[in-house]
Amino acid sequence: MTAGTSRPVDELLTATEVLVGAGVMSPTGHINASARTGDDRMLLTSLGLVQELTPETFATVTFDGEVVDGQLDASTGEIVGMHAAVYRSRAATQSVLHTHSPHLTAFALANQPLACRYEALLRRGQRSAVPVVPWAPRGSAAFTEGVGRAVERHAASWAVLLGNHGVLVFGSSPMAAAKFLVTLEEAAAAELRALALGGARDLPPGTLADG
Ligand SMILES: [Zn+2]
């Protein structure tokens, strides 16, 4: 776990404040955020809106969805598998954040991967395009398996776009994931603005993990 004495719940709340402060939340404020707290469990937001979060609105759940501590809203219960799939597929992951950040969600709706062409992404450890997981019903096995497969296949990406939905970002701590999410949203906005100028250009060959 992260060094220091801060509790996972405080780290998650601080991370969500970073997202709000950076202006990367969608107008609804939809979010779910988690931190790994054991081999098979995580602390997870029990409500789905950032403006509702307090230290009391988190629950500890196993990767199989069993609530160990606190209470989970029924609709939040459906997204346990999505978070668990990332923890199971990427051992280094300590935190997972899901939002509908507007520019990233534009890529998700278009089912378009977000290319890695922005210097700031490299500084956050991204070394490939952000892949798109095809849409499947929320909470379904097809959806959870799709997320796990994409995370495994794209080892140089620290995020996946959820087709027709939003984005899932992961990192070595809640703060690392939040800062990466802010940078990704910035990259998505810049990619879209660059279209008016003929489109963003690729980084030189050899810069990224996949060429
Ligand atoms: Zn969502």
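Here the structure is a predicted model, which is why all the values come from computation and not from measurement.

Draft legend 1. Inspection of the overall build of the protein at higher detail. Looking only at helices and strands, the protein features seven helices and eight strands. The C-alpha radius of gyration computed for the protein amounts to 16 Å, which stays within 12% of the reference 17 Å derived for 211 residues, consistent with globular compactness. The C-alpha extent of the protein, read off along each of the three principal axes, is 50 × 35 × 35 Å. Taking all 211 residues of the protein together, the buried fraction comes to 49%. As displayed, the protein has an accessible area near 9700 Å², and 53% of this comes from carbon and sulfur atoms. If the 15 positive side-chain charges of the protein are averaged to one point and the 20 negative ones to another, these points end up 8 Å apart.

Draft legend 2. Representation of the packing of aromatic side chains within the structure. Across all of its chains, the model carries two aromatic pairs by this definition. Aromatic side chains Phe-63 and Tyr-87 sit 5.5 Å apart centroid to centroid with 0° between the ring planes, which places their arrangement in the stacked category. A residue pair is termed long-range when its members are at least 10 positions apart, and Phe-63 in the loop between β3 (58-62) and β4 (67-69) and Tyr-87 in helix α3 (residues 80-89) qualify at 24 residues. Assessed through its relative accessible area of 7%, Phe-63 is described here as buried. Centre to centre, the rings of Trp-158 and Phe-170 are 6.0 Å apart; their planes meet at 55°, and the pair counts as tilted. Taken together, the residues Trp-158 in the loop between α6 (141-153) and β7 (159-162) and Phe-170 in strand β8 (residues 166-171) connect sequence positions twelve residues apart.

Draft legend 3. How the structure looks around the nonpolar core. Among the nonpolar cores identified, the biggest contains 36 residues, and Leu-19, Leu-104, Leu-114, Leu-161, Val-169 and Leu-184 are the most heavily contacted of them. Setting aside residues no more than four positions away along its own chain, Leu-184 makes contact with Leu-104, Leu-114, Leu-121, Val-130, Ala-159 and Val-169. Within the second largest apolar cluster, 22 residues are counted, among which are Met-42, Val-61, Met-82 and Ala-85.

Draft legend 4. Layout of unusual backbone geometry. A positive phi angle, near 55°, is found at Asn-111, a position not held by glycine. Note that Asn-111 resides in the loop between α4 (102-110) and α5 (119-123). Although it is not a glycine, Asn-164 adopts a positive phi angle of roughly 60°. With relative accessibility at 44%, the residue Asn-164 sits in the partly exposed group.

Draft legend 5. Region of the structure containing the coordination of the zinc ion. Only His-98 (NE2), His-100 (NE2) and His-165 (NE2) from the protein reach the zinc ion as donors, at distances of 2.1 Å. Taken in chain order, the donor set of the zinc ion reads H-x1-H-x64-H. Taken as a pair, His-98 in strand β5 (residues 95-99) and His-165 in the loop between β7 and β8 lie far apart in primary sequence, 67 residues in all.

Draft legend 6. Quick look at helix α1 (residues 8-22). Under the 1.5 Å per step criterion, the end-to-end length of α1 is 21 Å for 15 residues, consistent within 8% with the ideal 21 Å. The first or second residue beyond α1 is Gly-23, which carries a positive phi of 75°.

Draft legend 7. Quick look at the side chain of Gln-126. Within the secondary structure, Gln-126 is located in the loop between α5 and β6 (132-133). Relative accessible area serves as the criterion here: at 1%, Gln-126 is assigned to the buried category. Only 2.8 Å separates the side chain of Gln-126 from the backbone oxygen of Ser-128, close enough to count as a polar contact. Side chain to side chain, Gln-126 and Ser-157 meet in a polar contact 2.9 Å long. With residues up to four places along the chain from it excluded, the contact list for Gln-126 reads Cys-116, Leu-121, Ala-156, Ser-157, Trp-158, Ala-159 and Phe-180.

Draft legend 8. How the structure looks around α3. Of all ten residues in α3, eight are buried, a share of seventy percent or more. Listed as buried for α3 are Val-80, Met-82, His-83, Ala-84, Ala-85, Val-86, Tyr-87 and Ser-89.

Draft legend 9. Representation of the packing of α1 against helix α7 (residues 174-194) within the structure. The N-to-C vectors of α1 and α7 enclose an angle of 15°; their axes lie 8 Å apart at closest approach. Judged on the interaxial angle alone, α7 and α1 are roughly parallel. Relative to α7, the crossing made by α1 is right-handed. Between α1, through Glu-11, Leu-12, Thr-14, Ala-15, Val-18, Leu-19 and Ala-22, and α7, the contact on the second element is made entirely by Pro-174, Met-175, Ala-178, Leu-181 and Val-182. The residue makeup of the contact of α1 with α7, split by class, is ten nonpolar, one polar and one charged.

The rules behind these values
Sequence order as written defines the numbering, with residues in each chain counted from 1. It should be noted that, the model being predicted, local features are given only for residues of pLDDT at least 70 and side-chain atom pairs only at 80 or more, the latter also being counted only at that level, while totals for whole chains, interfaces and linings use all residues. Computation of side-chain values: all heavy atoms of the structure, hydrogens and water removed. For helices the rule is a DSSP run of H or I covering at least 4 residues; for strands it is a run of E covering at least 2, with both sets numbered from the N terminus onward. For the radius of gyration, the atom set is restricted to C-alpha positions; the globular benchmark scales as 2.2 Å times the number of residues to the power 0.38. For every residue, the accessible area obtained with a 1.4 Å probe (protein chains only) is divided by the maximum for its type, and the residue is called buried under 20%, exposed over 50%, and partly exposed between those limits. The Shrake-Rupley method, run with a 1.4 Å probe, gives the accessible areas here. Residue values count only the displayed protein chains as cover. In this count, Lys and Arg are taken as positive residues and Asp and Glu as negative ones, while His and the chain termini are left out. Taken as the charge location is NZ of Lys, CZ of Arg, CG of Asp or CD of Glu. Pairing of aromatic side chains here covers Phe, Tyr and the six-membered ring of Trp, requires ring centres within 6.5 Å, and sorts the geometry by plane angle: under 30 degrees stacked, over 60 edge-to-face, intermediate tilted. By nonpolar core is meant a set of buried Ala, Val, Leu, Ile, Met, Phe, Trp, Tyr and Cys residues that side-chain atoms within 4.5 Å join together. We call two residues in contact when some of their heavy atoms are within 4.5 Å. Metal donors: N, O and S atoms at distances within 2.8 Å, or within 3.2 Å for Na, K and Ca, with water omitted from the atom set so that some sites may seem incomplete. What a helix should span is 1.5 Å times the count of its residues minus one. Distance and chemistry together define a polar contact, namely a pair of N or O atoms within 3.5 Å, with one atom able to donate a hydrogen and the other to accept it when in protein, and with adjacent residues in sequence counting only for side-chain atoms on both sides. Think of each axis as a best-fit line through the C-alpha atoms, taken over the contacting stretch in the case of a helix, with angles from 0 to 180 degrees between the N-to-C directions. If an angle is under 35 degrees, it is roughly parallel; if it is over 145, roughly antiparallel; if it lies from 65 to 115, roughly perpendicular; otherwise it is oblique. Each crossing gets its hand from how the near helix is turned against the far one by less than a right angle, where anticlockwise is left-handed and clockwise is right-handed. Only Asp, Glu, Lys and Arg are considered charged, only Ala, Val, Leu, Ile, Met, Phe, Trp, Tyr, Cys and Pro nonpolar, and every remaining residue, Gly among them, polar.

In short, shape yes, function no, at least from these values alone.
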